[in-house]
Amino acid sequence: MTGPRVRFAPSPTGYFHVGSARTSLFNYLFARGHGGTFILRIEDTDASRGRQEWTDGIISAMNWLGLTYDEGPTFQSHNAPRHAQAAEALWAAGHLYACDCTSEVVQERTKGNPIPGYDGRCRDRQLERGPTTALRFRVPDEGSVIVRDQIRGDIEFQLANYEDFVVLRSNGGVLYPLANAVDDRDAKMTHIIRGEDLLPTTPKQILMWEALSSSPDFGDVPVPLYAHLPLLVNEQRKKLSKRKDPVSVESYRDEGYLPQALVNFFSLCGWSPREGDEIQPIENFIAQFELSDVTHSPAFFDMAKMRHINGEYVRRLSVEEFLAAAQPWLQPELSEWRPTDYETPWAPEDFRPEVLDVMAPLVQERVTVLSEVPAMVGFFFRRPEMSDGDFTKTIASNEGAKAVLADVIAAAQSGTNWTSDALHALVAQIGENHGMNLRKSQAPVRLAVTGALVGPPLFESLEVLGRDEVVLRLTAALERAR
RNA sequence: GCUCCUAUCGUCUAGCGGCCUAGGACACCGCCCUCUCACGGCGGCGACACGGGUUCAAAUCCCGUUAGGAGUGCCA
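Residues numbered from 1 in each chain as written. Chains lettered and ligands numbered in written order. Predicted model: local features only at pLDDT ≥ 70, side-chain atom pairs only at ≥ 80, totals over all residues. Heavy atoms only, no water.

*Asks:* Help me understand the overall build of chain A in this model?
*Replies:* Scanning chain A for helices and strands turns up 19 helices and twelve strands. Along the first, second and third principal axes, the C-alpha set of chain A runs to 100 × 50 × 40 Å. Of all 482 residues assigned to chain A, the portion counted as buried reaches 50%. Nonlocal contacts in chain A, meaning residues at least 24 apart in sequence, comprise 75% of its contacts between residues at least 6 apart. Summed over all atoms, the accessible surface of chain A reaches about 22,800 Å², with 49% contributed by carbon and sulfur. Put simply, chain A has 49 plus and 66 minus side-chain charges, and the middle of one group is 4 Å from the middle of the other. (Helix = DSSP H or I, 4+ residues; strand = E, 2+ residues; numbered from the N terminus. Buried < 20%, exposed > 50% of the residue type's maximum accessible area, 1.4 Å probe, protein only. Contact = heavy atoms within 4.5 Å. Areas by Shrake-Rupley, 256 points an atom, 1.4 Å probe, with all protein chains shown as cover. Lys, Arg positive; Asp, Glu negative; His and termini not counted. Charge placed at Lys NZ, Arg CZ, Asp CG, Glu CD.)

*Asks:* Just checking my understanding: could you explain the packing of aromatic side chains for this structure?
*Replies:* Here the distance between the centres and the angle between the planes together describe a pair of aromatic rings. All told, the structure shown has 18 aromatic pairs when counted by the stated rule. Among the aromatic residues, ring-to-ring pairing joins Tyr 252, Tyr 257, Phe 265, Phe 266 and Phe 301 into one connected group. A cation sits over an aromatic face here: Arg 253 above Trp 337, 4.7 Å from the ring centre. (Phe/Tyr/Trp six-rings, centres within 6.5 Å; stacked < 30°, edge-to-face > 60°. Lys NZ or Arg CZ within 6 Å of the ring centre and 35° of its normal.)

*Asks:* So what exactly am I meant to see when it comes to the sheet that holds strand S1 (residues 5-8) here?
*Replies:* Backbone-to-backbone hydrogen bonds join strands into a sheet, with any given pair of strands oriented parallel or antiparallel. Pairing in this open sheet of three strands is parallel, and the strands run S1-S2-S3 from one edge to the other. Edge strands, defined here as strands with exactly one partner in the open sheet, are S1 and strand S3 (71-75). Adjacent strand axes in the sheet meet at a mean angle of 25°, parallel and antiparallel pairs treated alike. Taken together, the three bridges between strand S2 (residues 37-42) and S3 define a ladder with parallel strand orientation. Of the residues in S3, the one forming a bridge with Ile 39 is Glu 71. In this fold helix H1 (residues 18-33) packs onto S1 and S2, with an angle of close to 165° to the strand it touches most, S1. (Pairing = 2+ DSSP bridges. Axes fitted to C-alpha atoms, helices over the stretch in contact; angles between N-to-C directions.)

*Asks:* Would you take a moment to explain the sheet that holds strand S4 (residues 96-99) for this structure?
*Replies:* Reading across from one edge, S4-S5-S8 is the order of the three strands in this open sheet, with antiparallel pairing throughout. For this open sheet the edge positions go to S4 and strand S8 (166-168), each flanked by a neighbour on one side alone. In this sheet, adjacent strand axes meet at a mean angle of 45° when their direction is disregarded.

*Asks:* I tried to follow the domain arrangement of chain A on my own but got confused; where do I start?
*Replies:* Interfaces are often sized by the amount of accessible area the parts lose when they come together. By the assigned domains, chain A splits into domain 1 (317-369) and domain 2 (388-481). Relative placement of domain 1 and domain 2: their C-alpha centres are 26 Å apart. The partner domain 2 presents seven residues to the six residues of domain 1 that form the contact. Interface of domain 1 and domain 2: buried area, both sides summed, is about 520 Å²; carbon and sulfur atoms make up 80% of it. The largest share of the area that domain 1 buries against domain 2 comes from Met 359, Leu 362 and Arg 366, three residues that together contribute 61% of it. Linking domain 1 to domain 2 there are zero salt bridges. Taken together, the links from domain 1 to domain 2 amount to zero residue pairs in polar contact (both at pLDDT 80 or more). Among the residues forming the side of domain 1 that touches domain 2, the class breakdown is four nonpolar, no polar and two charged. (Domains from an automatic or database assignment. Buried area = accessible area lost by both parts, 1.4 Å probe. Salt bridge = Lys/Arg side-chain N within 4 Å of Asp/Glu carboxyl O. Polar contact = N/O pair within 3.5 Å; in protein donor to acceptor, adjacent residues only side chain to side chain. Nonpolar A, V, L, I, M, F, W, Y, C, P; charged D, E, K, R; others polar.)

*Asks:* Got a minute to help me understand the side chain of Ser 248 in this structure?
*Replies:* In this fold, Ser 248 is placed in the loop between strand S11 (232-233) and helix H7 (249-255). Residue class for Ser 248 comes out buried when judged on its relative accessible area of 11%. Excluding residues that lie within four positions of it along the chain, Ser 248 makes contacts with Tyr 15 and Phe 16.

*Asks:* How should the side chain of Arg 5 be read in this particular structure?
*Replies:* By the element assignment, Arg 5 lies in strand S1. Within polar-contact distance, the side chain of Arg 5 engages the backbone oxygen of Ala 187 at 2.7 Å. With near-sequence residues (within four places) excluded, Arg 5 lies in contact with Thr 37, Ile 39, Glu 71, Ala 187, Lys 188, Met 189, Thr 190 and His 191.

*Asks:* Where do I start with the packing of helix H16 (residues 420-433) against helix H17 (residues 438-450) in this structure?
*Replies:* Relative placement of two packed helices is described by the angle separating their axes and the distance separating the axes. Look at H16 against H17: their axes get within 8 Å of each other, and the N-to-C directions meet at 110°. Comparing the axis directions of H16 and H17 gives the class roughly perpendicular. Contacts between H16 and H17 pair His 424, Val 427, Ala 428 and Gly 431 from the former with Leu 438, Ser 441 and Gln 442 from the latter. Split into classes, the residues belonging to the contact of H16 with H17 amount to three nonpolar, four polar and no charged. (Parallel < 35°, antiparallel > 145°, perpendicular 65-115°, else oblique.)

*Asks:* Please explain the pairing of strand S7 (residues 153-158) as it appears in this structure.
*Replies:* The pairing of strand S6 (residues 144-149) with S7 spans six bridges and is antiparallel. Its bridge partner being in S7, Ser 144 is matched across the sheet by Gln 158. Taking the residues between adjacent antiparallel strands as the criterion, S6 and S7 are bridged by three residues.

*Asks:* Quick question: what am I supposed to make of unusual backbone geometry here?
*Replies:* Negative phi characterises most residues that are not glycine, and trans characterises most peptide bonds. Phi is positive for Gln 126, close to 55°, though the residue is something other than glycine. Looking at the element boundaries, Gln 126 is found in the loop between helix H4 (103-109) and strand S5 (134-137). Unlike most non-glycine residues, Lys 188 shows phi in positive territory, near 55°. Relative to the helices and strands, Lys 188 resides in the loop between helix H5 (176-186) and strand S9 (191-195).

*Asks:* When you look at the state of the cysteines in this model, what are you seeing that I'm missing?
*Replies:* Two cysteines whose sulfur atoms are joined by a covalent bond form what is called a disulfide. In total, this model carries zero disulfides according to the counting rule given. Note on Cys 101: no disulfide assigned, nearest cysteine sulfur contributed by Cys 122 at a separation of 3.5 Å. (Disulfide = S-S within 2.5 Å.)

*Asks:* Before we go on, may I ask you to explain the pattern of salt bridges in this structure?
*Replies:* Pairing is possible between side chains of opposite charge, provided their charged atoms come close. Taken as a whole and assessed by the stated rule, the structure comprises 26 salt bridges. A salt bridge links Glu 88 to Arg 129; its shortest N-O distance comes to 2.6 Å. Pair noted here: Glu 88 is in helix H3 (residues 80-92) and Arg 129 is in the loop between H4 and S5, with a separation of 41 residues, a long-range link. Exposure remark for Glu 88: the relative accessible area of 38% places this residue in the partly exposed category. The salt bridge involving Asp 197 is made with Lys 239; its shortest N-O contact spans 3.6 Å. Remark: Lys 239 occurs in the loop between S11 and H7 and Asp 197 occurs in the loop between S9 and helix H6 (202-212); sequence separation between them is 42 residues. Accessibility expressed as a relative area gives 38% for Asp 197, which makes it partly exposed. One network of salt bridges, with partners in common, ties together Arg 7, Arg 41, Glu 43, Asp 183 and Asp 184.

Listed below in structure tokens is the structure:
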């Protein structure tokens, strides 16, 4: 394979963040559209933070979204010996020096300094390496590093603004800038596509990348091209926050978002197709995706738009696909996964799948996320509870409404045709008899039978629910009104 | 503070010197369709942050200002 090599390198610090999903997706789009290789690498060097379940979560969320990778997952922690070797090579070449300043001490000492960060105290102290010394990278005092960013163009950073950063902890643990550079080099990455928040640390990685090039154990690997994606921000224009914003992909799955819809929406976070509609199959996006078309400015994570796109995808499903997608909310006990903390609003044994034969298409065009399905069909499997407010306003205080109910009950009991068309005509006629148009006359029937003033089409619902049950519910409502 | 990034309708964006009295989408508002709610259709509202240049011509190029944001850990 001679195409580009890219990777998605999340650190397992929690659930799968939508920002990570977007980064992962853009790597995927780029690789798939350019005959490249997409690699998943788990950056778990900070052992105190990583957890197996978080890693599993990332992998299963990527599978769910359909972001398939070609190599991996590899684990950064498994490369510890290689990282140590890199540190040795850098040490041997004089790029590193030992430092016994703890971060607290450095902070205290440099508090009023015009240039923040480490002040280079140990640079020339020739300290021995020991259990209390970290290894710092000797950043040149002059010169600059140019980051070749495929989205923003070349960006020049003056080295004078960079402190001598730590590369190896005093406890021997390797730090991100080194581990990252080593792994990317060894994996021959050609493009690094990641969030804009990493842009300021890029010069450090380039510095190490180049420093390693003179070591025979590492060899001369060309510095990759970069692409720093615009941040995803909330309505306050701040980077999406784990604490304040709903950012987990899993939570959107629980709400009933379709993976294809999410992928489509994420694609639009910082990029838009040159050709055609905003809503297109991912194959079209793969064919069109270019890093140079990625936007420079932060993208608002617009959940209203995300909902719209999901509704669009829901409606484009075939009825069979829709039912399959909605199964976790309809019959969670039969599904391979169920939304977390979800229970059907009806007793599972009361569920009747045949109701959906008629109702599914009618429900499908009325929901935007799948979690709205149960509320829309709940009255088929459970007697409705209507609010006092609705009941009083629509039935109890309305003589015409009560008359309509009584007449519908009478007609039902005298054997009127029980088809949606016949019921439609019946309620219209009864309403007319009492001086009400259908808009008015259907309301009490709807409320009495479904428990709500809005819902799927009424007459189909009556037909499916059946004559006896409808009479029962209408009678109950009428008696409650007396 | 310092470094870097960014700046077109409320939001996401198209625009890469003349096709722009700035196009599309979401949201919002109206009308139509209609048994409710949706869907769908039609229409409306609504933007080039500001100031200098360059040019015959700038939303588009350059500089500055302002405003946002990110980074500034022995986190990633």
